[in-house]
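Structure at a glance
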Amino acid sequence: MTKTALATTIGEPGGSVTYQVSVTNTSVEPVTIFDLTDSIEGATAIDITATGGPITATTCGPLVGQVLTAAGPGATATCTFTATVSGDDGDVIGDVVTVTAYDSRRPRPPTAMTPRWRSPRSIR
C-alpha cells in the first residue's frame, strides 16, 4: 500500500492536506478490505472512511468490503482523504495508515491489523 500527500508542505499554523491511498493485493489469493485507519503521532487510529475529527473529506468508504483480485485488473484500489494538520514551522509529524484485509475465501473479519506505512508530514 502507498500513501502520498498531494501537498508536501503547508503554511504555519497548519491546514488541510489531501492524501491518496492505494492498496494493492500482492498475495496469490483474493482479499477483502475490512478497515482503513490513520494514526497520527501514535494516537488512537482514526477511521478514514468517514468524515469526523481531523478527517474533513474522504472517498475511502466504498473500499470497505471491496474484493481485490490476486493479480492484474482489480488488484488495486485507490481513494483520497483530507485531514486537518497543525504544527510549527519545520515540524515533521509521524503518521501511519493501516489497511486491514482478509482472505476472501473465508469471509470473516481479521483478528489483527495488517500492513502499515509511515508518512511524515511537514509544516512550513
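Just so you know, these numbers come straight off a predicted model, no measurement behind them.

Section: the state of the cysteines
Here the structure, examined in full by the defined rule, presents one disulfide. Each sulfur of the disulfide joining cysteine 60 and cysteine 79 lies 2.1 Å from the other. Its S-S torsion of approximately 80° makes the covalent link between cysteine 60 and cysteine 79 right-handed. Of this pair, cysteine 60 sits in the loop between strand E6 (55-58) and strand E7 (67-68) while cysteine 79 sits in strand E8 (residues 76-86), placing them 19 residues apart in sequence. A relative accessible area of 0% places cysteine 60 in the buried class.

Remarks on the confidence of the model for the protein chain
Across the protein chain, the average pLDDT comes to 81, with 85% of residues at or above 70. Across the protein chain, the secondary-structure element scoring lowest on mean pLDDT is strand E12 (residues 121-123), at 39, and the one scoring highest is E6, at 96. Contacts of residues 111-124 to residues separated by more than four positions or lying in other chains number 57 contacts, the stretch itself having pLDDT below 50.

Points about the packing of aromatic side chains
By convention here, two paired aromatic rings are described through the distance between centres and the angle between planes. Going through the model one piece at a time under the given rule, you end up with two aromatic pairs. Ring plane angle 70° and centroid distance 6.3 Å describe the contact between phenylalanine 34 and tyrosine 102, whose orientation is recorded as edge-to-face. Of this pair, phenylalanine 34 sits in strand E4 (residues 31-40) while tyrosine 102 sits in strand E10 (residues 95-103); the two residues are 68 residues apart in sequence, bridging distant segments of the chain. Judged by its relative accessible area of 35%, phenylalanine 34 falls in the partly exposed class. Judged by its relative accessible area of 17%, tyrosine 102 is buried.

What to know about the sheet that holds strand E1 (residues 2-5)
With antiparallel pairing, the four strands of this open sheet are ordered in space as E1-E3-E8-E6. Every interior strand has two partners, whereas the edge strands, E1 and E6, have only one. Strand-to-strand, the axes of this sheet are offset by a mean angle of 25°, without reference to chain direction. Where E1 and strand E3 (residues 14-24) come together, four bridges link them in antiparallel fashion. Each bridged residue has a counterpart across the sheet, and for lysine 3 the counterpart in E3 is valine 21.

A short note on the side chain of lysine 3
The topology assignment puts lysine 3 in strand E1. Within the structure, lysine 3 has its side chain in polar contact with the side chain of aspartate 95 (distance 2.7 Å).

Points about the pattern of salt bridges
Within this structure, the stated rule accounts for two salt bridges. Close ionic contact of aspartate 38 with lysine 3 constitutes a salt bridge, the shortest N to O distance being 3.5 Å. Taken as a pair, aspartate 38 in strand E4 and lysine 3 in strand E1 lie far apart in primary sequence, 35 residues in all. Like lysine 3, aspartate 38 is buried. In this structure, aspartate 95 and lysine 3 form a salt bridge, with 2.7 Å as the shortest nitrogen-oxygen distance. Here aspartate 95, found in strand E10, pairs with lysine 3, found in strand E1; they are 92 residues apart in sequence, far enough to count as distant. Overall, the relative accessible area of 0% leaves aspartate 95 in the buried class. Residues joined by salt bridges that share partners form a network here, namely Lys3, Asp38 and Asp95.

Criteria and cut-off values
Residues numbered from 1 in each chain as written. Predicted model: local features only at pLDDT ≥ 70, side-chain atom pairs only at ≥ 80, totals over all residues. Heavy atoms only, no water. Disulfide = S-S within 2.5 Å. Helix = DSSP H or I, 4+ residues; strand = E, 2+ residues; numbered from the N terminus. Buried < 20%, exposed > 50% of the residue type's maximum accessible area, 1.4 Å probe, protein only. pLDDT = per-residue confidence, 0-100. Contact = heavy atoms within 4.5 Å. Phe/Tyr/Trp six-rings, centres within 6.5 Å; stacked < 30°, edge-to-face > 60°. Pairing = 2+ DSSP bridges. Axes fitted to C-alpha atoms, helices over the stretch in contact; angles between N-to-C directions. Polar contact = N/O pair within 3.5 Å; in protein donor to acceptor, adjacent residues only side chain to side chain. Salt bridge = Lys/Arg side-chain N within 4 Å of Asp/Glu carboxyl O.

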